[in-house]
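Each chain, written out:
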Amino acid sequence: MAKSYLIMVGAIVGIFWLQSCAEKAPEKVEKNVQYVSGKDEVTYLKIGNEITDTVQATLKANLMKAMQNGGPQNALRFCNAQAMELTDIYSQKYGTDVKRVSDKNRNANNAPSERELAVLEDFKRIRKAGEPISAKVAIDEDGKKHYYAPIFTGGQCLTCHGNPKNMQPELVSLIDSLYPNDKARDYAVDELRGIWSVKFKNS
Ligand code: HEC
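Residues numbered from 1 in each chain as written. Predicted model: local features only at pLDDT ≥ 70, side-chain atom pairs only at ≥ 80, totals over all residues. Heavy atoms only, no water.

What should I look at first to understand the site of the ligand in this one?
In the vicinity of the ligand, 23 residues are found, and the nearest of them are Asn-110, Cys-157, Cys-160, His-161 and Arg-193. A distance of 2.7 Å is found between an oxygen atom of the ligand and a backbone nitrogen or oxygen belonging to Arg-106. One of the side-chain nitrogen or oxygen atoms of Asn-107 is found 2.9 Å away from an oxygen atom of the ligand. At the level of secondary structure, the elements contributing two or more residues to the shell around the ligand comprise helix H2 (39-94), strand S4 (145-152) and helix H4 (158-161). For the shell around the ligand, the element with the most residues is H2, which contributes eight residues. Counted by class, the shell around the ligand contains 13 nonpolar, six polar and four charged residues. (Near = heavy atom within 4 Å. Polar contact = N/O pair within 3.5 Å; in protein donor to acceptor, adjacent residues only side chain to side chain. Helix = DSSP H or I, 4+ residues; strand = E, 2+ residues; numbered from the N terminus. Nonpolar A, V, L, I, M, F, W, Y, C, P; charged D, E, K, R; others polar.)

Structure (structure tokens):
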């Protein structure tokens, strides 16, 4: 009787121990990123929000115009040729590196770095817990500040990032030919599409 009781207690403790190990994994991810708070956070959140709002608005306006002028295929050509160039213009203006990165990227140039991936994982974890995701400021090993903010999908994004079965076949062929390793598909509305990543080179 006493022995089977001990085995049972042992098993329960064992299960809890295993569980606590499993739950430790996300914490490890967070340790890769050193987030800052206080004055630096306020300062860089403000500039980061301003830059990404402007770039986002410009990208969106140009995308809409290209869509109206020649449909999604025309818009896609626009994205392909000029999306990176546009963010470069703002990079020069603000002395920053401005990027949109995603673990499920269309252009391999937009693959996340180790730190960006850790931030993405953090955002996903926060989302899973049902909490709102807000932009964050982190500091790297050289003391440079980085701004990170979530990018969510809206309905209009699915024209090019949705389930290919529901997309224009010509558009799908065009995407396939331009981006043979495309991972940025099969998204639904209101999913975490990626993150804005702004590095303040002079910070
Ligand atoms: C007309 C087609 C089209 C639409 C609509 C579209 N995208 Fe894209 N998106 C693209 C293309 C093409 C790329 C690759 C651009 C490049 O080569 O840098 C891209 C790249 C991205 C990237 C950079 C990461 C990656 O996958 O390479 C993000 C983030 C992104 N899109 C988010 C969105 C969001 C959010 C929306 C809706 C608000 C949206 N896109 C709507 C075509 C589109």
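And the narrative resumes.
When you look at the sheet that holds strand S5 (residues 192-200) in this model, what are you seeing that I'm missing?
Strand pairing in a sheet relies on backbone hydrogen bonds. The paired strands run either parallel or antiparallel. One open sheet holds the five strands; their spatial order is S1-S3-S4-S5-S2, and the pairing between them is antiparallel. The open sheet has two edge strands with one neighbour each: strand S1 (34-35) and strand S2 (96-101). By the bridge criterion, eight bridges tie S4 to S5 in an arrangement that is antiparallel. Bridge assignment links His-146 to a residue of S5, and that residue is Lys-199. Helix H3 (residues 114-128) contacts S1, S2, strand S3 (136-139), S4 and S5 of the sheet and is inclined by roughly 135 degrees relative to S5. (Pairing = 2+ DSSP bridges. Contact = heavy atoms within 4.5 Å. Axes fitted to C-alpha atoms, helices over the stretch in contact; angles between N-to-C directions.)

Explain the packing of aromatic side chains here, please?
All told, the structure shown has one aromatic pair when counted by the stated rule. The residue whose ring lies beneath Lys-104 is Tyr-187, and the NZ or CZ to ring-centre distance is 4.2 Å. Just above the ring of Tyr-35 sits the side chain of Lys-136; from NZ or CZ to the centre is 4.6 Å. (Phe/Tyr/Trp six-rings, centres within 6.5 Å; stacked < 30°, edge-to-face > 60°. Lys NZ or Arg CZ within 6 Å of the ring centre and 35° of its normal.)

How should I be thinking about the coordination of the iron atom of the ligand in this particular structure?
When a metal carries six donors in an octahedron, the ideal angles between them are 90 or 180 degrees, while four donors in a tetrahedron ideally lie at 109.5 degrees. For the iron atom of the ligand, the protein supplies a single donor, His-161 (NE2), at a distance of 2.2 Å. Tracing the backbone through its elements, the reader meets His-161 in helix H4. (Donors = N, O, S within 2.8 Å, 3.2 Å for Na, K, Ca; no water.)

It is not clear to me how H3 should be interpreted in this structure. Could you clarify?
Because each turn of an α-helix spans 3.6 residues, side chains separated by three or four positions end up pointing in the same direction. In this model H3 runs 21 Å from its N-terminal to its C-terminal C-alpha over 15 residues, within 8% of the 21 Å that 1.5 Å per residue would give. Buried within H3 are the following residues: Arg-115, Glu-116, Ala-118, Val-119, Leu-120, Asp-122, Phe-123 and Ile-126. Backbone geometry just after H3 places Gly-130 at a positive phi near 80 degrees. (Expected span 1.5 Å × (residues − 1). Buried < 20%, exposed > 50% of the residue type's maximum accessible area, 1.4 Å probe, protein only.)

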